[in-house]
Amino acid sequence: MKVALFLTCVNDTMYPETGKAMVRLLRRLGHDVEFPESQTCCGQMHLNTGYRRQALAMVKGFAETFEPYDAVVTPSASCGAMIRDWHPRLAPRTAGVASRVHELSEFLVDVLGVTDVGAYFPHRVTYHPTCHSLRMLHVGDRPQRLLREVRGIDLVDLPDARECCGFGGTFALKNSEVSAAMCADKVTAVRETKAEALCAADNSCLMHIGGALTRTRAAVRTIHLAEILASTEEDPS
């Protein structure tokens, strides 16, 4: 299977370690993964802000870049949802490529058929299911199934886990007070778990929550799902 990594803007510019973790993980499972350097933004931010024409150019560029691949894996449920749900609406000819795009947990569980990836992460962790992963991609409990198989982990439930963290991309800029209030509720829930780490499938949401955790001096780190799954005793995250 010819697999490509779609890293996304946020991960490429701010969280490159997440992409590196995905490559290590997939190679450990016996799969090579390529990073097409012509990839750009999926167009989500532009579409959400009303720039449909500009987004359309990115949609077509994405399809052209990833057409040669059997599967495209991304560490972002948010961007994955944009591609699978919106790309075919904006440009119907891109539907074939869009259907081959998988968020990481979907790819591992549904395509590769694995839940135990040989990970080791001896820490108390709670998981935040992001809105796009829940309501657009419908990943269900796939991330939790993967996390439960991680050796050494103490996985604890997050109170009101399905509640939005308040980020929502440009929503956090346009409605900053509401966004901050929603994030404060999420931080309270995270702190109640006594977790050492907060995990999610979107670094954009982790960035938002992590900033609030830092400002409240909470001793909780944020970490992407890929980095936990890539962690081993020999190469800890």
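What counts and how
Counting restarts for each chain: residues are numbered from 1 in the order of the written sequence. Only residues with pLDDT of at least 70 are given local features in this predicted model, and only at 80 or more are side-chain atom pairs given and counted; all residues enter the totals for whole chains, interfaces and linings. To obtain the side-chain values, all non-hydrogen atoms of the structure were included, while hydrogens and water were left out. What is meant by a nonpolar core is a set of buried Ala, Val, Leu, Ile, Met, Phe, Trp, Tyr and Cys residues, joined one to another through side-chain atoms within 4.5 Å. Only protein chains enter the calculation, and the probe is 1.4 Å; a residue is then buried if its accessible area is under 20% of its type maximum, exposed if over 50%, and partly exposed in between. Labels follow the DSSP assignment, with helices taken as runs of H or I lasting at least four residues and strands as runs of E lasting at least two, numbered in each case from the N terminus. Note that the domain bounds were set by an automatic or database domain assignment. Here a residue-residue contact requires only that any non-hydrogen atoms of the pair lie within 4.5 Å. Should a side-chain nitrogen of Lys or Arg be within 4 Å of a carboxyl oxygen of Asp or Glu, the pair is scored as a salt bridge. A 1.4 Å probe defines the accessible area here, and the buried area is the portion of it lost by two parts on being joined, summed over both. Counted as a polar contact is a pair of N or O atoms within 3.5 Å, where, for protein atoms, one must be capable of donating a hydrogen and the other of accepting one, and residues adjacent in sequence contribute only when both atoms are in side chains. Three categories are distinguished: nonpolar for Ala, Val, Leu, Ile, Met, Phe, Trp, Tyr, Cys and Pro, charged for Asp, Glu, Lys and Arg, and polar for the others, with Gly belonging to the last. Note on definitions: angles span 0 to 180 degrees between N-to-C directions of axes, and those axes are lines fitted to C-alpha atoms, for helices only across the stretch in contact. Angles below 35 degrees are treated as roughly parallel, those above 145 as roughly antiparallel, those between 65 and 115 as roughly perpendicular, and all remaining angles as oblique. When the centres of two rings from Phe, Tyr and Trp lie within 6.5 Å, Trp using its six-membered ring, the rings pair. Their planes under 30 degrees apart give stacked, over 60 give edge-to-face, and anything left gives tilted. UniProt positions are given in the numbering used here, feature names are shortened, and annotations may be inferred rather than shown by experiment.

- The name given to the protein in an unreviewed UniProt entry is (Fe-S)-binding protein, and the organism recorded there is Actinomadura darangshiensis.

## Quick look at the nonpolar core
The tendency in soluble globular proteins is for nonpolar side chains to be buried side by side.
And step 1. In this structure, Leu108, Cys199, Ile228 and Leu229 are the most contacted members of the largest nonpolar core, which totals 34 residues.
And step 2. Looking at this core, the elements with two or more residues in it are strand E1 (3–5), helix H2 (16–28), strand E3 (71–74), helix H7 (104–111), strand E5 (124–127), helix H9 (142–148), strand E7 (197–200) and helix H13 (225–230).
And step 3. For this core, the two domains that each supply at least three residues are domain 1 (3–111) and domain 2 (124–230).
And step 4. If we ignore the near neighbours within four places in the chain, the residues touching leucine 108 are Leu25, Leu26, Leu29, Gly113, Val114, Val117, Leu146 and Leu229.
And step 5. If you look at the next biggest cluster of nonpolar residues, it comprises 19 residues, including Ala4, Cys42, Met82 and Leu90.

## Re the pattern of salt bridges
Close approach of charged atoms lets side chains of opposite charge pair.
And step 1. Taken as a whole and judged by the stated rule, the model has nine salt bridges.
And step 2. Put simply, arginine 24 and aspartate 235 hold a salt bridge, and the shortest N to O gap is 3.4 Å. Of this pair, arginine 24 sits in helix H2 while aspartate 235 sits in the segment after H13, and the two are 211 residues apart along the sequence.
And step 3. Taking the relative accessible area as the measure of exposure, arginine 24 reaches 34% and is therefore partly exposed.
And step 4. Residue aspartate 235 is classed as partly exposed on the basis of its relative accessible area, which comes to 37%.
And step 5. Residue arginine 124 is joined to aspartate 154 by a salt bridge in which the shortest nitrogen-to-oxygen separation is 2.8 Å.

## As for the domain arrangement of the protein
And step 1. Domain parsing of the protein yields domain 1 (3–111) and domain 2 (124–230).
And step 2. In this structure, domain 1 and domain 2 have C-alpha centres spaced 21 Å apart.
And step 3. Contact residues are listed per partner, giving 30 residues for domain 1 and 23 residues for domain 2.
And step 4. Buried surface at the junction of domain 1 and domain 2, both sides included, amounts to about 2,100 Å², of which 64% is carbon and sulfur.
And step 5. Between domain 1 and domain 2 we count one salt bridge in total.
And step 6. Between arginine 142 and aspartate 110 there is a salt bridge; the shortest N-O distance is 2.9 Å.
And step 7. Scanning the region where domain 1 abuts domain 2 turns up ten residue pairs in polar contact (both at pLDDT 80 or more).
And step 8. Partitioning the side of domain 1 that touches domain 2 into residue classes produces 14 nonpolar, eight polar and eight charged.

## Describing the packing of H2 against H7
Between two packed helices, the angle of one axis relative to the other and the distance separating the axes together describe the packing.
And step 1. Following both chains from N to C, one finds H2 and H7 inclined at 10 degrees, their axes separated by 12 Å at the closest point. One finds that H2 runs roughly parallel with respect to H7. On H7, the residues touching Met22, Leu25 and Leu26 of H2 are Leu104, Phe107 and Leu108.
And step 2. Of the residues contributing to the contact of H2 with H7, the split by class is six nonpolar, no polar and no charged.

## Observations concerning unusual backbone geometry
And step 1. One non-glycine residue, lysine 194, adopts positive backbone phi at about 60 degrees.
And step 2. Counting through the fold element by element, lysine 194 comes out in the loop between helix H11 (176–192) and E7.
And step 3. Residue lysine 194 is classed as exposed on the basis of its relative accessible area, which comes to 65%.
And step 4. The backbone of arginine 217 sits at a positive phi, close to 60 degrees, despite the residue not being glycine.
And step 5. The topology assignment puts arginine 217 in the loop between helix H12 (203–215) and strand E8 (221–224).

## Looking at the packing of aromatic side chains
And step 1. Going through the model one piece at a time under the given rule, you end up with four aromatic pairs.
And step 2. Aromatic side chains phenylalanine 6 and phenylalanine 62 sit 5.0 Å apart centroid to centroid with 85 degrees between the ring planes, which places their arrangement in the edge-to-face category. Here phenylalanine 6 is found in the loop between E1 and helix H1 (9–14), whereas its partner phenylalanine 62 is found in helix H4 (residues 52–66), with 56 residues between them in sequence. This pair shows no difference in class: phenylalanine 6 is buried, exactly as phenylalanine 62 is.
And step 3. Each ring, one from phenylalanine 62 and one from phenylalanine 66, has its centre 4.5 Å from the other, and the planes form 40 degrees; the classification is tilted. Of this pair, phenylalanine 62 and phenylalanine 66 both sit in helix H4, four residues apart, which is roughly one turn of the helix. The two residues phenylalanine 62 and phenylalanine 66 agree in class, both being buried.

## Notes on the UniProt feature "domain: Cysteine-rich" (unreviewed entry) in the protein
And step 1. When the UniProt feature table is mapped to this numbering, "domain: Cysteine-rich" (unreviewed entry) covers residues 3–84 and 125–209.
And step 2. Taken end to end, residues 3–84 comprises 57% helix and 11% strand; its first and last C-alpha atoms sit 17 Å apart.

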